[in-house]
Amino acid sequence: FKLDMRRNYQAYLMILPSVLLIAVFSYFPTYGIILAFKKFKPAMGVFGSPWVGLKHFRDFLGSPNLPRLVRNTLAISLYTLAVGYPLPIVLALLLNEVGCLPFKKTVQTIVYLPHFISWVILANIISSMLGAKGIYNLVRTSLGMEQFLPMGDPNGFQGLLIGTDVWKEFGYNAVIYLAALTGISPSLYGAAAIDGAGRWKQTLHVTIPGLIPTVVLLSTLAMGNVLNAGFDQVFNMYNQLVISTADIIDTYVYRIGITNMQFSLGTAAGLFKSVVSLILVVISYSLAYKFADYSIF
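Thresholds, definitions, all that
Residues numbered from 1 in each chain as written. Predicted model: local features only at pLDDT ≥ 70, side-chain atom pairs only at ≥ 80, totals over all residues. Heavy atoms only, no water. Helix = DSSP H or I, 4+ residues; strand = E, 2+ residues; numbered from the N terminus. Polar contact = N/O pair within 3.5 Å; in protein donor to acceptor, adjacent residues only side chain to side chain. Contact = heavy atoms within 4.5 Å. 1 Å grid on protein atoms, 1.4 Å probe; cavity = no way out; pocket = protein on both sides within 12 Å on 5 of 7 lines; lining within 4 Å. Points joined across faces, edges and corners; volume = space filled by probe spheres on them. Nonpolar A, V, L, I, M, F, W, Y, C, P; charged D, E, K, R; others polar. Core = buried A, V, L, I, M, F, W, Y, C linked by side-chain atoms within 4.5 Å. Buried < 20%, exposed > 50% of the residue type's maximum accessible area, 1.4 Å probe, protein only. Phe/Tyr/Trp six-rings, centres within 6.5 Å; stacked < 30°, edge-to-face > 60°.

## Re the side chain of T73
Summarising the element assignment, T73 is placed in helix α5 (residues 66-84). Looking at T73, its side chain comes within polar contact range of the main-chain nitrogen of I249, at 3.1 Å. The contact partners of T73, leaving out residues within four places of it in the chain, are V226, L227, N228, A229, I248 and I249.

## Some remarks on the layout of surface pockets
Within this model, the largest pocket holds a volume of roughly 820 Å³. As for the largest pocket, its lining consists of 28 residues, of which T80, L81, D165, N173 and N225 are closest to the centre. Residue assignment for the lining of the largest pocket shows that the elements contributing at least two residues are α5, α10 (157-182), α12 (199-223) and α13 (231-237). A per-element tally of the lining of the largest pocket places α10 first, with 9 residues. Considered class by class, the residues forming the lining of the largest pocket number 17 nonpolar, 8 polar and 3 charged.

## Considering the nonpolar core
Formed by 20 residues in total, the largest nonpolar core has its most connected members in I89, A92, Y177, L178, L181 and L211. Counting only elements with at least two residues in this core, the list comes to α6 (86-97), α7 (101-112), α10, α11 (186-194) and α12. Once residues lying within four places of it in the same chain are set aside, the contact partners of L181 are A92, L93, N96, T207 and L211. I76, M151, L161 and V242 belong to the second largest nonpolar core, which has 18 residues in total.

## Some remarks on the packing of aromatic side chains
What the rule picks out here adds up to 10 aromatic pairs. Considering the side-chain rings of Y31 and F47, the 6.0 Å spacing of their centres and the 15° angle between planes classify their relative orientation as stacked. One end of the pair, Y31, is in the loop between α2 (9-27) and α3 (45-48); the other, F47, is in helix α3, with 16 residues separating them in the sequence. For Y31, a relative accessible area of 40% corresponds to the partly exposed category. Residues F60 and Y252 carry aromatic rings whose centres are separated by 6.0 Å and whose planes lie at 40° to one another, so their mutual orientation is tilted.

## Structural notes on unusual backbone geometry
The backbone of M261 shows a phi angle near 60°, a positive value even though the residue is not glycine. Its place among the elements puts M261 in the loop between α15 (249-259) and α16 (263-291).

## A few points about the environment of L35
Inspection of the secondary structure puts L35 in the loop between α2 and α3. By relative accessible area, which is 13% here, L35 ends up buried. C-alpha of L35 to C-alpha of G266: the two residues are 231 residues apart in sequence and 9.0 Å apart in space. Apart from the residues within four sequence positions on either side, L35 is in contact with F40, V46, H56, S264 and T267.

Quick look at the structure:
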């Protein structure tokens, strides 16, 4: 081991900044989860505050808001996953068939671009477009229709969240599948062509099976984000008019923990969500190993 350190010290020095960043911002702050088991008093500090056991977990699980929070979180996450998961695969397959390189690069740039726009900016753009004086209502009034504010409609707001999230991310997510396509051996396509397979048959019997390991991996990892539902997006887009259908666990944790300064209750809610997410990842990984014979490690 010492010989390996001396021989490869340049590699260890190169990864050292990343290791330090992960340690400082990901591992060191985890000591704060003990707030979930204490009645936190800022004057007494984290370790000086009295222990209360599972009181905050009981308060959170017994909250009348919990069914609404879970329902909204699961609805937004699962519908976004169901709508947005196939689209990157389809886009990657279509781009893989494009022979004109300039056209392919142009399409890639256009569909990738929304990913790099933050939700702070994008939410303001969407609000301006769908507002009373936005282009959406200008077109409606020019056609003789009444004004309608989608940002204030609780019945359709979840659809707006899902649609904008899929539009923002599906192009960038296709990059992973395009990278997986480059790993498929060209000899497989040559062998399929010799056997008389056309482009559709090659896609069906060579391309798609080659993507299955990546699809299984990403679907397994996606299970861990089912309870996230996109805090950045929801926080920047929702308002009091749509809170009944837009309020999710993360926004509740923010309001309780930061706005109302109930730090212990907010920590308990966040810890509960993290534990459930971990269980979902373990279950999905077990199913992937059992039914797809796929192992991440």
